[in-house]
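Understanding the architecture of this molecule
This is what each chain is made of:
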Amino acid sequence: MARRIDVTGTGGVRLAAWEFGDPPKPDPAQDAHGPQGTQGPQDENRPQDDQDSRGGRDSRDPDDGRAAPARPQATPPASNGSPGVLLLHGLMGRASHWAFTARWLSGRYRAVALDQRGHGRSDKPPRASFTRDAYVDDAESALEQLGLAPVVLIGHAMGALTAWQLAARRPDLVRGLIICDMRASALGAASQREWAQWFESWPLPFATLADVRKWFGEDDPWVERPNPARGEFYAEVMAESPDGWRPVFDPDQMLRSRETWVYDAHWEELAQVRCPALVVRGLDGELGRAEAQEMVRVLPRGQYAEVADAGHLVHYDQPEAWRAAIQPFLDALDTD
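Residues numbered from 1 in each chain as written. Predicted model: local features only at pLDDT ≥ 70, side-chain atom pairs only at ≥ 80, totals over all residues. Heavy atoms only, no water.

**As for the overall build of the chain**
This is how the line gets drawn: Only runs of H or I of at least four residues qualify as helices and only runs of E of at least two qualify as strands under DSSP, and these elements are numbered from the N terminus. For every residue, the accessible area (1.4 Å probe, protein chains only) is compared with the maximum for its type, and the residue is labelled buried under 20%, exposed over 50%, or partly exposed between those bounds. Note on contacts: a residue pair is in contact if any heavy atoms of the two residues lie within 4.5 Å. For the area figures, the Shrake-Rupley method with a 1.4 Å probe applies, and any residue is considered shielded solely by the protein chains shown.
On a plain count of helices and strands, the chain comes out with eleven helices and twelve strands. Looking at the chain residue by residue over its 336 residues, the buried ones come to 53%. Contacts in the chain between residues far apart in sequence, at least 24 positions, make up 72% of those at least 6 positions apart. Roughly 14,500 Å² of accessible area belongs to the chain as shown, and the carbon and sulfur atoms make up 49% of that amount.

Listed below in structure tokens is the structure:
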């Protein structure tokens, strides 16, 4: 299950952080089907429907309904004595995309996933800043308010960039870094135009979540072959509105977020990361092997891993293989 803790980001933006724990253990005294009227074993890791900020039902939420959101706190909550991990999703993502990883990590860490500004259950102010500094400042504020430091940062895509920029800026807060399928090179204006056109191609609103899964998993022109995991990934960022299912984020805010980093290379910040760092790529992801290995070379204490049969959504495509890829790094980090 997951417990929500609201923290305050830069500019007063409210951010939803989710502290994950192991799912409830079955009671040996009960039969395999559980007591009548309770959630079945096949669903115990699956968060229930909830209400998004626009009043519609959200397709997926880290909160399973057993714990009320915690109020913003002026001082860090008491630590459970375990070292901290902060997980940062990519552009358009949300904390629930880390559920498998976070629940596994909760056995040895205090595992928290953050809905970054403009995403998930965090605030989406129309005039908020969506710069690199704003995202990094938010992550820094969350670490300090949650009392997680010194922390292991794990980031996917844009969240990985936030993670290594924070590690470069505040080495005192970060003891380890895992970068999942994020390029350090500039992507350029053409890439930004392609993304704008892609958002415009979405057949919104979707009539059902099944339509969401089918379009993003099969019909989207960016899909080279059927990818059910991709369809499920995007189903998690949809909420039901009066006319159908729409994303919980504002596509314009996503483009504003993206344009603050696609035109620049980020090698200099990589070189400033002092802690051990692992670069993980999906074999069919967006980060090529040559660039990934160059990132490892630039990182003062860099290491490399790749996951076969995985695309850009490495941790979501192949969760068990992703776990196997990062576990040796975490084991070594904990013995330093």
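After that view, the rundown keeps rolling.
**With respect to the side chain of Arg-281**
Using the following cut-off: In protein, a polar contact means a hydrogen-donor-capable atom and an acceptor-capable atom, both N or O and within 3.5 Å, with residues adjacent in sequence counting only if both atoms are side-chain atoms; elsewhere, any N or O pair within 3.5 Å suffices.
By secondary structure assignment, the location of Arg-281 is in strand β11 (residues 277-282). On the accessibility criterion, Arg-281 (5% relative accessible area) is buried. Side-chain polar atoms of Arg-281 contact the side chain of Glu-306, separated by 3.1 Å. Not counting chain neighbours up to four residues away, the residues in contact with Arg-281 comprise Asp-181, Leu-287, Gly-288, Arg-289, Ala-292, Tyr-304, Ala-305, Glu-306, Val-307 and Val-314.

**A word on the pairing of strand β6 (residues 110-115)**
Walk down a regular strand and you will see the side chains alternate between the two sheet faces. Note the threshold: Strands are labelled as partners when DSSP assigns at least two bridges between them.
For β6, the buried fraction is high: six of the six residues fall into the buried class. Burial of β6 is two-sided: the residues Arg-110, Val-112 and Leu-114 facing one way and the residues Ala-111, Ala-113 and Asp-115 facing the other way are all buried. Pairing of strand β2 (residues 14-20) with β6 involves five bridges; the strand directions are antiparallel. Residue pairing for β6: Ala-16 is matched across the bridge by Asp-115. As defined by bridge partners, strand β5 (residues 84-88) adjoins β6 across five bridges and the pair is classed as parallel.

**A look at the sheet that holds β6**
For the record, the criterion: All axes are obtained by fitting lines to C-alpha atoms, using only the stretch in contact for helices, and the reported angles, taken between N-to-C directions, cover 0 to 180 degrees.
In space, the eight strands of this open sheet follow the order β1-β2-β6-β5-β7-β8-β11-β12, with mixed pairing throughout. At either end of the open sheet lies a strand with only one pairing partner, and these are β1 (2-8) and β12 (302-307). In this sheet, adjacent strand axes meet at a mean angle of 20° when their direction is disregarded. By the bridge criterion, five bridges tie β5 to strand β7 (residues 151-156) in an arrangement that is parallel. Across the sheet, the residue bridging to Val-85 is Val-152, located in β7.

**Examining the pattern of salt bridges**
To keep things clear, this is the line we draw: The term salt bridge refers to a pairing of a side-chain nitrogen on Lys or Arg with a carboxyl oxygen on Asp or Glu at a separation within 4 Å.
Counted by the stated rule, this structure contains 24 salt bridges. A salt bridge links Arg-170 to Glu-144; the nearest nitrogen and oxygen atoms lie 3.2 Å apart. In this pair, Arg-170 is assigned in the loop between α3 (158-169) and β8 (174-180) and Glu-144 in helix α2 (residues 132-146), connecting sequence segments 26 residues apart. Of the charged contacts, one joins Asp-220 and Arg-230 as a salt bridge, the two residues approaching to 3.0 Å between their closest N and O atoms. Here Asp-220, found in the loop between α5 (209-219) and α6 (228-235), pairs with Arg-230, found in helix α6; they are ten residues apart in sequence, far enough to count as distant. Like Arg-230, Asp-220 is buried. A cluster of three or more residues bridged by salt bridges with shared partners is formed by Asp-133, Asp-137, Glu-140, Glu-144, Arg-169, Arg-170 and Asp-172.

**Focus: the side chain of Ser-122**
Structurally, the position occupied by Ser-122 is in the loop between β6 and α2. Apart from residues lying up to four places away in sequence, Ser-122 is in contact with Arg-14, Leu-15, Ala-16, Asp-115, Gln-116 and Arg-117.

**Comments concerning the environment of Asp-284**
In this structure, Asp-284 sits in the loop between β11 and α9 (289-298). With a relative accessible area of 47%, Asp-284 lands in the partly exposed category. Along the sequence, Asp-284 and His-312 sit 28 residues apart, while their C-alpha atoms lie 6.9 Å from each other. Not counting the four nearest positions on each side in its chain, Asp-284 is found in contact with Arg-225, Ala-310, Gly-311 and His-312.

**Quick notes on the nonpolar core**
Inclusion rule: The criterion is simple. A nonpolar core is a set of buried Ala, Val, Leu, Ile, Met, Phe, Trp, Tyr and Cys residues joined through side-chain atoms within 4.5 Å.
Counting 72 residues, the largest nonpolar core has Met-92, Trp-164, Leu-177 and Ile-179 as its most contacted members. Here Leu-177 is in contact with Leu-153, Ala-163, Trp-164, Ala-167, Val-273, Cys-275, Pro-276, Ala-277, Leu-278 and Phe-329, once residues within four sequence places are set aside. Among the nonpolar cores identified, the runner-up in size contains 31 residues, and Trp-18, Leu-87, Ala-99 and Ile-154 belong to it.

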